[in-house]
Amino acid sequence: MSLFKARDWWSTTLGEKEEFDQGCLCVADVDNSGSGQDKIIVGSYMGCLRIFNPHPVKPGDGMQAEDLLLEVQLREPILQVEVGKFVSGTELLHLAVLHCRKLCVYAVSGTLGSVEHGNQYHIKLVYEHNLQRTACNMTYGPFGGVKGRDLICIQSMDGMLMLFEQESYAFGRFLPGFLLPGPLTYSSRTDSFITVSSSRQVESYKYQVLAFATDADERQETEQQKHSSGKRLVVDWVLNIGEQALDIRVVSFNQMVSSLFVLGERNFFCLKDNGQIRFMKKLDYSPSCFLPYCSVTEGTINTLIGNHNNMLLVYQDVTLKWATQLPHTPVAVKVCSLQDMKGLIVTLSDSGHLQCSYLGTDPSVFQAPKVESREINYEELDREMKELQKIIKEATKTQDILPKSEDDDLKVTAEVSFHLDAISQAIDSEVRAEVVPSVTVKITVQSRLAVQKPKLSVCVQPPLALTCDQFIFNDIGPAVSKTVVLSAFLKGNCPPAELEGNAIFSYNTPTADFNPKGVPRVAQCKFRLPLRLICFPAQPSKTANHKLTIDTNKPPVSLVSLFPERYRIQSDQLEDIWLIGNELTLRLEEHFKKQNCKDFLCTFSGSIPLQEYFECIDHHFELRLNAEKFQELLSERAIQFRAIERRLLTRFKDKTPAPLQHLDTLLEGTYRQVIALADAAQENQANMFQAFIKLKSATHLVIMLISLWQKLSPDQVAILEATFLPLMQDTQELGWEETVDAAISYLLRTCLSKSSKEQALTLTSQLSMPKDTSRLKKHITLLCDRLAKGGRLCLNADTNTQQAIIMPGGCTTIPESNLEERTAVQDPTPIFTDHKHLTKQKSKPDLSQSVLDEEEKP
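Sequence order sets the numbering: in each chain, residues are counted from 1 along the sequence as written. Totals for whole chains, interfaces and linings use all residues, but because this is a predicted model, local features are given only for residues with pLDDT of at least 70 and pairs of side-chain atoms are given and counted only at 80 or more. Side-chain numbers here rest on the full set of heavy atoms in the structure, without hydrogens or water.

Numbering goes from the N terminus for both helices and strands, where a helix is a DSSP run of H or I of at least four residues and a strand is a run of E of at least two. When helices and strands are counted, the protein shows 14 helices and 41 strands. Contact criterion: two residues are considered in contact whenever any of their non-hydrogen atoms come within 4.5 Å of each other. When contacts within the protein are restricted to residue pairs at least 6 apart in sequence, long-range pairs at least 24 apart make up 61% of them. Surface exposure here means Shrake-Rupley accessible area, sampled with a 1.4 Å probe, where a residue is shielded only by the protein chains that are shown. Accessible area of the protein: about 48,000 Å², with a carbon and sulfur share of 52%.

The structure is reproduced here in structure tokens:
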């Protein structure tokens, strides 16, 4: 609520479902009472004419029955109401009502009531004009300098100005170049009509020019009109304001000076009589109506501007003097005198909210009570502060971003078929195989309440794909379920990093206040695709490059019971082991869970395959470097191509053509280079996409092995996953290498720091693509080394400090400087354990391979 709220003096709501616009409000002493008190005249598009004389007992009172002087239901919609000297032979004020095809002039009068009955008001039709054309708006004034009476000018929808000398029709003229009608006003000082055309120009036409111009019985000029004595209608002056106008008004300081005000969609202008701009004001809001009037300061003009933010602003020339809040958006505003109160502001909304208000503020009457002075117990405050900080930390750790809805309101379940589809549903797959398998996924949505705008989105990790991933439903009623069926398949020619999928159902729930948009909600469920979707049984091979051994604290389980479709886990690529190894651990946990074994544990006693992991990182980073090179070369060739085009164009435009000097040959060669570079860049992008998927698989494998090796808790595994897998998509602007390096550096300087000196180091806030991966590989090695020596992952600052002080086992961490010296001498792969069960066969000597050979000797 605004402090500067409009003070409500009197208000009422007119009718039901009636509509109003800026021409429907007028204030004047329409009954010629001579008291100087204005009456409020309101006409609606429903044809209802009302006249009010508010006199509240106290400010803020609503409408009383005696406030409504007159209410008449006319037969046609009321476009505009005006009060002026419209009847010949008298200077009394009369009411002019403009309908679509009729202009009516009424006399409003009142008779004194007898006894307790109040005064009675009625209207009498003085004369009317039936219009041949559909009216848009009207203006009035002493056209031609007449004294003691007002003439009326009506603008039609097809651009004709129809002038009426009170009871008689004078003439009509078409505006030149007319397309759509705009606001219209009359300036008595220059005897001109001013309007804003559809070409966004302010145009002024002299009354004398209109009077002597050719008659406008037809829109097009005939031969007789061309040779008649009349003149063509010529505009007096034109000003281009560059926007459509909402309203236009004329304000006169005196008989010698007047100003023309134009309210645009984003500006309001003040013009001189000759069309020159006195000043203009750019508005930072969307205006709805305005009213300029003379200021108490000589030489300045005040302007009331209403906007669609329910605000009414008061400007003195271009200076904002006051801003007040209204309860509605005004479409018309007037200033009047009521009950001996001058300067009351009358506003009307498009729905019929009529209000009389004045400007002011509410003084603050609140006084703060005196606080009893007492001694402060600082120790008690410290204890309370620590308890509150602990509560805040626990709340921020477990608090979800989105509020949880009731479980019974809406449920989303996904059911994955155990068997592959008999007829594959794979489409546009890049897998080089005769048949690409697919599996059916059935998703069911069960709603207890009515939901609006339901939408289901299903997503899987690439290179997996779905036959359909977006479903839009009609509004779902209560106790109704919806089921969709789709198929998943392998689209890319490489194994995915994850088999998990996600079904997200977004919807709106109706609210108690009947908000049409409702409250947005989201429900989701996860599902896991079968391993057989991307793998198939094969004959065992003894020449595999990678083998993985996982230890358990329980007797070994037959692989036939765990994997009825295969017997041995081995792979030629490191990243391919991830899905099989993860599936093995999951099936082992599920097997012992069925036997009610709660102390089952998987462990890994081998060494982490960092050397092979680093090769995946180097391959991905090399493709990123190639992408940058291709981009630079493409930019150079494009610049060269445009330069050759400009020279050729100059040669072709020359009136005396010069030899091309093989510019055409050079243009064709450059074009072929651009196409070849674009193809190479596209192929490199596809390779980088596959490399990123393989890197994610290898990263998942390394995280799993580290968690099994160090027996990490689920929270610590989540920290590792957030550190090594921060991106769902790899881009040139923000790549995997720099993001992971920054995350690992943060862990090394917080929870895995060896001293308070490391914690004091600050990290750069700007990420950029590194020159090489040496720093990243050094940090990954250092992370594994500190985990091997007792470090634990934690995001709590207090725990970080304590952990840095009491490193278990009395081990000293490896300084980074010493680590750099070691990596320069020997192979960077660290040996954390005494056994290695994952090897890579190479022709060159390998330190890890030699250690394994020595262990196998009898």
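Moving on from the coordinates now.
Axis geometry follows a simple rule: fit a line to the C-alpha atoms, using only the stretch in contact for helices, then measure angles between N-to-C directions, giving values from 0 to 180 degrees. With their axes 10 Å apart at the nearest point, helix α6 (residues 610-653) and helix α9 (residues 736-749) run at an angle of 130° to one another. By the angle class used here, α6 and α9 are oblique. Residue-level contacts link Tyr613, Ile617, His620, Phe621 and Arg624 of α6 to Trp736, Glu737 and Glu738 of α9. Across the contact of α6 with α9, the residue classes tally to four nonpolar, one polar and three charged. In what follows, roughly perpendicular refers to angles from 65 to 115 degrees, roughly parallel to angles under 35, roughly antiparallel to angles over 145, and oblique to any angle outside these ranges. Basically, the charged four are Asp, Glu, Lys and Arg, the nonpolar ten are Ala, Val, Leu, Ile, Met, Phe, Trp, Tyr, Cys and Pro, and anything else, Gly included, counts as polar.

Quick look at the pattern of salt bridges now. We define a salt bridge as a side-chain nitrogen of Lys or Arg found within 4 Å of a carboxyl oxygen belonging to Asp or Glu. The full count for this structure, using the stated rule, is 19 salt bridges. Between lysine 39 and aspartate 31 there is a salt bridge whose closest N-O contact spans 3.2 Å. Exposure categories follow from relative accessible area, calculated using a 1.4 Å probe and restricted to protein chains: below 20% of the type maximum is buried, above 50% is exposed, and the middle band is partly exposed. Looking at lysine 39, the relative accessible area reads 3%, which means it is buried. The exposure class of aspartate 31 is buried, given its relative accessible area of 14%. Among the charged side chains, a salt-bridge network with shared partners connects Glu500, Arg528, Glu583 and Arg587.

Disulfides are defined as pairs of cysteine sulfur atoms found within 2.5 Å of each other. Applying the stated criterion to the full structure yields zero disulfides. The structure places no disulfide on cysteine 751, whose sulfur is separated from the nearest cysteine sulfur, that of cysteine 794, by 6.8 Å.

This paragraph deals with unusual backbone geometry. Here the amide bond leading from proline 462 into proline 463 is cis, since omega sits at 10°, within 30 degrees of zero. As for its position among the elements, proline 463 is in the loop between β32 (452-460) and β33 (464-466). A positive phi angle is found at aspartate 317, which is not glycine, with a value near 60°. If you check the backbone angles, aspartate 428 has positive phi at about 55° while not being a glycine. Examined against the element boundaries, aspartate 428 turns out to sit in the loop between β30 (410-416) and β31 (438-447). According to the relative accessible area criterion, aspartate 428 is exposed, its value standing at 65%.

Turning to the packing of aromatic side chains, a few remarks are in order. The criterion for an aromatic pair is that two Phe, Tyr or Trp rings (for Trp, the six-membered ring) have centres within 6.5 Å, with stacked assigned to planes under 30 degrees apart, edge-to-face to planes over 60 apart and tilted to the rest. A full pass over the atoms with the stated rule returns 17 aromatic pairs. Ring centres of phenylalanine 193 and tyrosine 207 lie 6.3 Å apart, and the angle between their planes is 50°; on these two criteria the pair is classed as tilted. Within this pair, whereas phenylalanine 193 is found in strand β16 (residues 192-196), its partner tyrosine 207 is found in helix α1 (residues 207-212), the two being separated by 14 residues in sequence. Residue tyrosine 207 is classed as buried on the basis of its relative accessible area of 9%. Site record: aromatic cluster; members linked through ring pairs are Phe143, Phe171, Tyr186, Phe193 and Tyr207. Here arginine 532 stacks its cationic end above the ring of phenylalanine 418, 4.7 Å away from the centre of that ring. Definition used: whenever NZ (Lys) or CZ (Arg) falls within 6 Å of the ring centre and also within 35 degrees of the ring normal, the charge is taken to sit over that ring.

The sheet built from four strands is open, its strands ordered β19-β20-β21-β22 with antiparallel pairing. Each edge of the open sheet is held by one strand with a lone partner, namely β19 (245-252) and β22 (277-282). Adjacent strand axes in the sheet meet at a mean angle of 15° when their direction is disregarded. Note: β19 against strand β20 (residues 258-264), seven bridges, orientation antiparallel. Across the sheet, residue aspartate 247 finds its bridge partner in β20, namely leucine 263. Two strands qualify as a pair provided that DSSP identifies no fewer than 2 bridges between them.

Let us now look at the environment of cysteine 356. Residue placement: cysteine 356 occurs in strand β29 (residues 353-358). The spatial distance from the C-alpha of cysteine 356 to the C-alpha of valine 333 is 9.9 Å, given a sequence separation of 23 residues.

Right, let's talk about the pairing of β16 for a bit. Residues in a regular strand project their side chains so that they alternate between the two faces of the sheet. Counting buried positions along β16 yields five of five residues, so the element is predominantly enclosed. By the alternation rule, side chains of β16 split into Ser192, Ile194 and Val196 and Phe193 and Thr195, which are all buried. Where strand β15 (residues 184-187) and β16 come together, four bridges link them in antiparallel fashion. Opposite leucine 184, over in β16, you have threonine 195 as the bridge partner. Counted between consecutive antiparallel strands, the loop separating β15 from β16 contains four residues, among which aspartate 191 sits at a positive phi close to 55°. Relative to strand β17 (residues 201-206), β16 runs antiparallel, the two sharing five bridges.

Here we come to helix α11 (residues 774-788). Between the first and last C-alpha of α11 there are 21 Å, a value that for 15 residues agrees with the 21 Å anticipated at 1.5 Å per step. The buried count for α11 comes to eleven of 15 residues, which makes it a mostly enclosed element. Taken residue by residue, α11 has Leu776, Lys778, His779, Ile780, Thr781, Leu782, Leu783, Cys784, Asp785, Arg786 and Leu787 as its buried positions. Residue glycine 790 follows α11 closely and has a positive phi angle near 105°. Take the number of residues in a helix, subtract one, and multiply by 1.5 Å to get its expected span.

Read from one edge to the other, the open sheet built from four strands follows the order β30-β31-β35-β33, with strand pairing classed as antiparallel. Because the sheet does not close on itself, it has two edges, and the strands there are β30 and β33. Taking each pair of neighbouring strands and ignoring which way they run, the sheet shows an average axis angle of 25°. Where β30 lies against β31, seven bridges are found, and the strand directions are antiparallel. Of the residues in β31, the one forming a bridge with valine 412 is valine 445.

The next subject is the environment of valine 412. Locating valine 412 in the fold gives a position in strand β30. C-alpha separation for the pair valine 412 and alanine 523, spaced 111 residues apart in sequence, amounts to 6.7 Å. Among all residues touching valine 412, those that are not within four sequence positions of it are Ile443, Thr444, Val445, Ala503, Phe505, Ala523 and Cys525.

Taken across its five residues, strand β4 (residues 48-52) has five buried, putting it largely inside the fold. Burial along β4 is two-sided: Cys48, Arg50 and Phe52 and Leu49 and Ile51, pointing in opposite directions, are all buried. Counting the residues in the hairpin turn of strand β3 (residues 39-43) and β4 gives four residues, including glycine 47, whose phi is positive at 90°. Two elements, β4 and strand β6 (residues 68-73), share five bridges in a ladder whose sense is antiparallel. Paired with cysteine 48 across the strands is glutamine 73, a residue of β6.

What follows covers helix α5 (residues 577-594). Between its first and last C-alpha, α5 extends 26 Å over 18 residues, near the 26 Å set by a 1.5 Å rise per residue. Every buried residue belonging to α5 is among Ile577, Trp578, Leu579, Ile580, Gly581, Asn582, Glu583, Leu584, Thr585, Arg587, Leu588 and Phe592, and all of these are buried. In the stretch just after α5, asparagine 596 is the one whose phi turns positive, near 60°.

A few words now on the packing of α6 against helix α7 (residues 663-710). Direction vectors running N to C along α6 and α7 enclose 160°, while the axes themselves pass 8 Å from each other. Of the possible angle classes, the one that applies to α6 and α7 is roughly antiparallel. Crossing angle aside, the handedness with which α6 passes α7 is left-handed. Looking at the contact of α6 with α7 residue by residue, the class counts come to 27 nonpolar, nine polar and six charged. Handedness of each helix crossing follows the sense of rotation of the near helix against the far helix: counterclockwise by less than a right angle gives left-handed, clockwise gives right-handed.

This part covers the side chain of histidine 94. In this structure, histidine 94 sits in strand β8 (residues 94-98). Counted as a polar contact is a pair of N or O atoms within 3.5 Å, where, for protein atoms, one must be capable of donating a hydrogen and the other of accepting one, and residues adjacent in sequence contribute only when both atoms are in side chains. Within polar-contact distance, the side chain of histidine 94 engages the backbone oxygen of leucine 92 at 3.1 Å.

It is worth spelling out a nonpolar patch on the surface at this point. Here, patches come from residues exposed beyond 30% relative accessible area and free of salt bridges, joined within 9 Å for like charges and within 5 Å for nonpolar side chains (Val, Leu, Ile, Met, Phe, Trp, Tyr). A cluster of nonpolar side chains, contributed by Ile376, Tyr378 and Leu381, occupies part of the molecular surface with about 340 Å² of accessible area. Relative accessible area serves as the criterion here: at 42%, leucine 381 is assigned to the partly exposed category.

Moving on: the side chain of histidine 700. Mapped onto the secondary structure, histidine 700 falls in helix α7. The contacts of histidine 700, once residues within four sequence positions are left out, are Ala497, Glu498, Trp578 and Leu725.

Geometry only, nothing functional implied.
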